[in-house]
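# Observations on chain architecture
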Amino acid sequence: PDGGAVRQKHRGSFVVLTDHDGLDLDAVLEALVQMQRHTQELFPNLPAPSRPVPLLVFSNETDYRGFWDGYASAVGSPARPLPEDHGYTWQGVATAWYSDSYGPVRPLYVHEASHALLERSLGVDAQRSWLFEGLGNLEQLDVSRQKIASVYRDGLARSDVKMPLEELL
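This text gives an overview of the structure that appears in the document.

Quick notes on the rules
Residues numbered from 1 in each chain as written. Predicted model: local features only at pLDDT ≥ 70, side-chain atom pairs only at ≥ 80, totals over all residues. Heavy atoms only, no water. Buried < 20%, exposed > 50% of the residue type's maximum accessible area, 1.4 Å probe, protein only. Helix = DSSP H or I, 4+ residues; strand = E, 2+ residues; numbered from the N terminus. Pairing = 2+ DSSP bridges. Axes fitted to C-alpha atoms, helices over the stretch in contact; angles between N-to-C directions. Phe/Tyr/Trp six-rings, centres within 6.5 Å; stacked < 30°, edge-to-face > 60°. Patch = residues over 30% accessible without salt bridge, like charges linked within 9 Å, V, L, I, M, F, W, Y side chains within 5 Å. Areas by Shrake-Rupley, 256 points an atom, 1.4 Å probe, with all protein chains shown as cover. Salt bridge = Lys/Arg side-chain N within 4 Å of Asp/Glu carboxyl O.

A separate point is the pairing of strand 3 (residues 53–58). Within a regular strand, the side chains alternate between the two sheet faces. For strand 3, a buried count of six out of six residues is recorded, marking the element as mostly surrounded by other parts of the structure. Of the two faces of strand 3, the one carrying Val 53, Leu 55 and Val 57 and the one carrying Pro 54, Leu 56 and Phe 58 are both buried. With five bridges joining them, strand 2 (residues 14–18) and strand 3 adopt parallel strand pairing. Within strand 3, the residue paired with Val 15 across the bridge is Pro 54. Pairing geometry for strand 3 and strand 5 (residues 93–97), over four bridges, is parallel. Pairing of Leu 56 across the sheet is with Thr 95, part of strand 5.

In structure tokens:
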């Protein structure tokens, strides 16, 4: 956002772009390629993505949110991350901000890239559906070995997870 240097690296179906010097592009790309392999094992007929799958990792939360405000306004859409979202995917573009709290690969990067991969492969917007969220969590946990209890505990505390049973069915 401030005209600083952006690093990018491409591997397989993915391209990672970041303005943060500390992001290990190779480690993130390896996790994304591993996620895609696992997804292909689960869904052998999944078509290849129509275009490269981008993951944008911003240096901080302010720049991440500013990107979505500007992008959504430019295309006349209300689509934006919720205040509690640390990552967001729309139109096959996965985003998050940098954090080294989880090691070189923040599990959220894999989660959001899973959404973007499915959107670009199927031509369907995830729209926060329980199916896409479940698949994102599955891939996040598979690649990161993160404990499932923390993911569910955090997920249940979110304001947007309350869905009427009728809608879920």
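The five strands are arranged 1-2-3-5-4 in an open sheet whose pairing can be described as mixed. Across the chains shown, the open sheet's two edge strands, defined by having one partner strand only, are strand 1 (7–11) and strand 4 (87–90). Looking at each pair of strands side by side, their axes are set apart by 15 degrees on average, direction ignored. Pairing between strand 1 and strand 2: five bridges, direction antiparallel. By the bridge assignment for strand 2, His 10 is matched with Val 15.

The subject of this paragraph is the packing of aromatic side chains. One pass over the structure, following the stated rule, counts eight aromatic pairs. Centre to centre, the rings of Phe 67 and Tyr 71 are 5.6 Å apart; their planes meet at 15 degrees, and the pair counts as stacked. Of the two residues, Phe 67 and Tyr 71 are both situated in helix 2 (residues 61–74); the distance of four residues between them amounts to about one turn of the helix. With relative accessibility at 24%, the residue Phe 67 sits in the partly exposed group. Judged by its relative accessible area of 26%, Tyr 71 is partly exposed. Aromatic side chains Tyr 71 and Trp 90 sit 5.8 Å apart centroid to centroid with 75 degrees between the ring planes, which places their arrangement in the edge-to-face category. Of this pair, Tyr 71 sits in helix 2 while Trp 90 sits in strand 4, and the two are 19 residues apart along the sequence. The buried category is assigned to Trp 90, whose relative accessible area is 12%. Counting every residue linked through ring pairs, the aromatic cluster contains Phe 58, Phe 67, Trp 68, Tyr 71, Tyr 88 and Trp 90.

Nonpolar side chains collect at one region of the surface, where Leu 42, Phe 43 and Leu 138 lie side by side and expose about 240 Å² of accessible area between them. With respect to the secondary-structure elements, Leu 138 resides in helix 4 (residues 130–144). With relative accessibility at 38%, the residue Leu 138 sits in the partly exposed group.

On to the pattern of salt bridges. In a structure, side chains of opposite charge can pair up when their charged atoms sit close to one another. Under the criterion given, the structure shown has six salt bridges. Among the salt bridges present, the one from Arg 11 reaches Asp 26, with a minimum N-O distance of 3.2 Å. In this pair, Arg 11 is assigned in strand 1 and Asp 26 in helix 1 (residues 25–42), connecting sequence segments 15 residues apart. What makes Asp 26 partly exposed here is its relative accessible area of 35%. Counted as one network, the salt bridges with shared partners bring together Lys 9, Arg 11, Asp 26, Glu 30 and Arg 37.

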